[in-house]
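In case you want the letters, here they are:
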Amino acid sequence: MTPVVPDPVLSVANLRVSFGQTEAVRGVTLAVARGETHCLVGESGCGKSVTALSVMNLLPRGIARTADHLRFQGQDLLGMSERQTARLRGDKMAMIFQEPMTSLNPAYTIGSQMSEVFERHRGATRRQAMDRAAELLARVGITAPGMRLGQYPHQLSGGLRQRVMIAMALMCDPELLIADEPTTALDVTVQAQILRLLQKLQQELGLALLLITHDLGVVARMAQRVSVMYAGEVIETGTVAEVFAAPTHPYTRGLLDCIPVPGMTRTGEPLGNIPGVVPRIPLGFIGCGFRDRCTLAMPECAQTVPLRNAGGDHFYLCRLPPDWKRAAAA
Amino acid sequence: MSAIVIVQSRPARRWLPAFRHLATMLGAVIIGAAVLVAIFAPYLTPHDPFAQDLNQRLIPPVWMEGSQPTHLLGTDQIGRDYLSRLIYGTRISMLIGVLTVITSGVIGITLGIIGGFYGGRTDDVVMFLITCRLSIPLILVALTVVALVGSSLAVVILTLGLLLWDRFAVVARTTAMQVRNLDYIAAAQAAGASRLHILLREVLPNIANHLVVVATLEMALAILLEAALSFLGLGVPPPLPSWGLMIAEAKEYMFFSPWVIITPGVALFVLVLGINLLGDGLRDLLGADMRR
């Protein structure tokens, strides 16, 4: 019983990754369709980035991923050799990282780094690749692309570098773009610009965008679909409208309570918070990962929790019934 | 109070960079001159460096009594022109310096980058090799090899090249370790770059400036070691005009004709000093470059 996404570009089922005795990702299932933005949201250390890296097969050496299936455009990513995956990376699936200040190699010019990707995957000449790079720089809103192509990363500001990273990811017309907190390291004003740019490009190019963030505001304005992660699990998933209208898992509810809403939050009253931190999940852990921080925890939360439907594509992982809030109020 | 302190410290602050700059320039000039002399040796020498003339033995250089204007730096114990031999000696020293650094650089950098980048068991193997190399006494092994195989320029270069890679390996390993965790390496992987590409095009250029400094140190060391081996009679075979060999051949005459030993000694000192000054300057310059 999982949400149905028709003809997904990326489809992950029951993904598991463990580092030594710690389980970082515990059975993540998600799907991203063409032309859709799927947000993966959660606090630090809940396994968002690890999920993204496992899709790209960029986990540190010696860390294995297992899954029921991991498909990209119908191709099985699990059975692929390193060489085959490398051929897809940067071509059909691209990734943008959090730190634009360090994601570009300081030893090469912007143009040489951008064109290299195109030359590698498309066998293009340097001149064709440079033309393509200039075209994309213009597309991501960089003025005087010709001049920028000849510059080194240290000559660019953080916002410009992130634009360059986006342009670089789009060099080969990818189907899937994974953006790992692309705006976290940027100024607030620049954040808004970058998000607007990503949204515009995603709509124009029909990208499947997997956006990782810890900011629910970003989710609300960018995404069609959202998956809330906690302690390596997707604890609630659905369309943004469904999840924001009726957050069902106590953790999602807690997250939304932390955000002040104009007109709704009364002045003088403290905002909500969730006591404690994300726990480390040892191998063989059973039950709800949130139970130590949950005010509604019961002894039965230590047993395997079922995935429940809250109507439509909206699913959550908790023992409580979908209308528990109303039942509690009554 | 504090203003006075600042005023007092200012001259010292200014003096140091200026001196560094001057020293680097001096080093560059010395190396440049040595390279030019080595390349154009046949056009610069007034005499054949191998031509003997027993009637003209041990003529002192021009600034001493009894000198001859045709032999600016005098002649050696079998009447060969000392300036010509010194000029040809530059060739040998530079050749040994450059080729040894290339050989040892290739070995050391390859091992170091692989060990530092991959870490784990690969790194253990590389560290073991470095430790093994460090526990080998350089001069003794060089002497043994040359004694067994026989002395020739090629043997000296190969022996030194195969022995002097340790510092390259250590520096390449440490710097590669620092670079491997940076985001642009992950970004390159995410863009589909192969492992070889990442090692050669992403890691190597970013650690190259450290390696250039090591190269200058190793070059100076190689030149000195060749001189030492030649002095011991197991380096470059006579009659090739190696500076070390010139010192060795001159040692019996040093009391009555000290210039025969002083001249190649000074040449060796100046060349090694020049290389080290340039290396020091490069370290400062490239270090500042990295801090951008």
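What you see is a predicted model, and the numbers here were worked out from it, not measured in a lab.

Parameters at a glance
Residues numbered from 1 in each chain as written. Chains lettered and ligands numbered in written order. Predicted model: local features only at pLDDT ≥ 70, side-chain atom pairs only at ≥ 80, totals over all residues. Helix = DSSP H or I, 4+ residues; strand = E, 2+ residues; numbered from the N terminus. Rg over C-alpha atoms; globule rule 2.2 N^0.38 Å. Buried ≥ 20, exposed ≤ 12 C-beta atoms within 10 Å, placed from the backbone. Contact = placed C-beta atoms within 7 Å. Domains from an automatic or database assignment. Nonpolar A, V, L, I, M, F, W, Y, C, P; charged D, E, K, R; others polar. Pairing = 2+ DSSP bridges. pLDDT = per-residue confidence, 0-100. Expected span 1.5 Å × (residues − 1). Bend = angle between axes of the 7 residues up to and from the residue. Core = buried A, V, L, I, M, F, W, Y, C linked by C-beta atoms within 7 Å. Axes fitted to C-alpha atoms, helices over the stretch in contact; angles between N-to-C directions. Left-handed = near helix turned anticlockwise from the far one by under 90°. Parallel < 35°, antiparallel > 145°, perpendicular 65-115°, else oblique.

Undergrad: Describe the overall build of chain A, with residues and values.
TA: Per the secondary structure count, chain A includes 11 helices and 13 strands. Over its C-alpha atoms chain A spans a radius of gyration of 21 Å, differing by no more than 12% from the 20 Å that the globule rule assigns to 330 residues. Seen along its three principal axes, the alpha-carbon backbone of chain A occupies a region of about 70 × 50 × 35 Å. Counting all 330 residues of chain A, 45% fall into the buried class. Excluding contacts between residues fewer than 6 apart, the proportion of contacts in chain A whose partners are at least 24 apart in sequence is 64%.

Undergrad: I'd like a description of the overall build of chain B, backed by residues and values.
TA: Broken down by element type, chain B carries 11 helices and zero strands. Each helix and strand of chain B, placed in order from N terminus to C terminus, yields the pattern α-α-α-α-α-α-α-α-α-α-α. In terms of overall dimensions, chain B has a C-alpha envelope of 75 × 65 × 35 Å along the principal axes. Sorting the 292 residues of chain B into buried and exposed places 42% on the buried side. A separation threshold of at least 6 residues defines the contact pool for chain B, and within that pool the share at least 24 residues apart is 70%.

Undergrad: Give me the lowdown on the domain arrangement of chain A, citing residues and values where you can.
TA: All names here are of chain A. Considered domain by domain, chain A is made up of domain 1 (8-92 + 174-329) and domain 2 (102-171). Domain 1 and domain 2 are separated by 30 Å when their C-alpha centres are compared. Every contact between the two is made by 13 residues of domain 1 and, on the other side, 10 residues of domain 2. The element best represented in the side of domain 1 that touches domain 2 is helix α7 (residues 188-205), accounting for six residues. Partitioning the side of domain 1 that touches domain 2 into residue classes produces 10 nonpolar, two polar and one charged.

Undergrad: Before we move on, can you summarise the pairing of strand β3 (residues 37-41) of chain A with the specific residues and values?
TA: If a strand is regular, its side chains alternate between the two faces of the sheet. Residue and element names in this part refer to chain A. Along β3, five of the five residues are buried, which leaves the element largely enclosed by surrounding structure. Note: β3 against strand β9 (residues 208-213), five bridges, orientation parallel. For His-38, the partnering residue across the bridge sits in β9 and is Leu-210. Summarising the sheet, β3 and strand β10 (residues 225-230) pair through four bridges and their orientation is parallel. Looking across to β10, one finds that Leu-40 is bridged to Ser-227.

Undergrad: Could you give an account of the confidence of the model for chain B, naming the residues involved and the relevant values?
TA: Residue and element names in this part refer to chain B. Put simply, chain B has an average pLDDT of 83, and 92% of its residues get 70 or more. For the stretch residues 1-12, pLDDT sits under 50, and the model shows zero contacts to residues farther than four places along the chain or on other chains. Quick note on the complex model: pTM equals 0.78, ipTM equals 0.79.

Undergrad: Residues and numbers for the pairing of strand β2 (residues 22-33) of chain A, please.
TA: Residue and element names in this part refer to chain A. The element β2 is largely enclosed, with a buried count of nine among its 12 residues. Pairing of strand β1 (residues 8-19) with β2 involves nine bridges; the strand directions are antiparallel. Paired with Ser-18 across the two strands is Glu-23, which belongs to β2. Here β1 folds back onto β2, and the loop between the two strands holds two residues, one of which, Gly-20, carries a positive phi near 60°.

Undergrad: Could you give an account of helix α3 (residues 82-118) of chain B, with specific residues and numbers?
TA: Residues and elements named next belong to chain B. For α3, which comprises 37 residues, the first-to-last C-alpha distance of 53 Å matches the rise-based estimate of 54 Å (1.5 Å per residue) to within 8%. The largest bend in α3 amounts to roughly 25° and is located at Gly-105. Within α3, 27 of the 37 residues are buried, leaving the element largely enclosed by the surrounding structure. Phi turns positive one or two residues past the end of α3, at Gly-119, with a value near 65°.

Undergrad: So what's going on with the nonpolar core? Residues and values would help.
TA: Ranked by size, the top nonpolar core spans 157 residues in total, and within it A:Leu10 and A:Leu176 carry the most contacts. When residues of this core are assigned to their parent elements, the largest contribution, 14 residues, is made by helix α9 (residues 195-231) of chain B. The two domains that each donate at least three residues to this core are domain 1 (8-92 + 174-329) and domain 2 (102-171) of chain A. Ranked by size, the runner-up nonpolar core spans six residues in total, among them B:Leu73, B:Leu83, B:Leu86 and B:Tyr88.

Undergrad: Tell me about the sheet that holds β9(A), residues and numbers included.
TA: Residue and element names in this part refer to chain A. Read from one edge of the open sheet, eight strands run β7-β8-β9-β3-β10-β11-β13-β12, paired in mixed fashion. Since the sheet does not close on itself, it has two edges, and those belong to β7 (93-96) and β12 (307-309), each with one partner. Strand-to-strand twist across the sheet, computed as the mean angle between neighbouring axes with direction ignored, equals 20°.

Undergrad: Go over the packing of α9(B) against helix α10 (residues 243-250) of chain B, please, and point to the residues and values.
TA: All names here are of chain B. Two elements in contact, α9 and α10, have axes separated by 7 Å at closest approach and are oriented at 35°. Here α9 and α10 pass one another in a crossing that is right-handed. For the pair α9 and α10, the contacting residues are Glu-226, Ala-227, Ala-228, Leu-229, Ser-230 and Phe-231 in the first and Trp-243, Gly-244, Leu-245, Ile-247 and Ala-248 in the second.

Undergrad: Can you tell me about helix α7 (residues 166-180) of chain B, naming the residues and giving the values?
TA: Residue and element names in this part refer to chain B. Between the first and last C-alpha of α7 there are 21 Å, a value that for 15 residues agrees with the 21 Å anticipated at 1.5 Å per step. The element α7 is largely enclosed, with a buried count of 11 among its 15 residues. Among all positions of α7, only Asp-166, Arg-167, Phe-168, Ala-169, Val-170, Val-171, Ala-172, Arg-173, Thr-175, Ala-176 and Val-179 are buried.

Undergrad: Report on the interface of chain A and chain B, specifying residues and quantitative values.
TA: At the interface, 20 residues of chain A touch 14 residues of chain B. Looking at the side of chain A that touches chain B, the elements that each hand over two or more residues are α2 (82-88) and α3 (110-122) of chain A. With three residues, the single largest contributor to the side of chain A that touches chain B is α3(A). Residue classes in the side of chain A that touches chain B are distributed as nine nonpolar, six polar and five charged.

Undergrad: Break down unusual backbone geometry for me, citing the residues and quoting the values.
TA: Residues and elements named next belong to chain A. The backbone of Ala-144 shows a phi angle near 50°, a positive value even though the residue is not glycine. Mapped onto the elements, Ala-144 comes out in the loop between α4 (126-139) and α5 (145-149). When the 11 C-beta atoms within 10 Å are taken as the criterion, Ala-144 is described as exposed. Of note, the phi angle at Ala-231 is positive, near 50°, even though the residue is not glycine. Taking the number of C-beta atoms within 10 Å as the measure of exposure, Ala-231 has 25 and is therefore buried.

Undergrad: For the packing of α3(A) against α4(A), give the residues involved together with the corresponding values.
TA: Any two packed helices are characterised by how steeply their axes cross, that is the angle between the axes, and by the distance between the axes. Residue and element names in this part refer to chain A. Interaxial distance between α3 and α4 falls to 8 Å at its minimum, and their mutual angle equals 115°. On the basis of the axis angle, α3 is roughly perpendicular to α4. Judged by the twist between their axes, the crossing of α3 over α4 is right-handed. Contacts between α3 and α4 pair Gly-111, Met-114, Ser-115, Phe-118 and Glu-119 from the former with Arg-126, Ala-129, Met-130, Arg-132 and Ala-133 from the latter.

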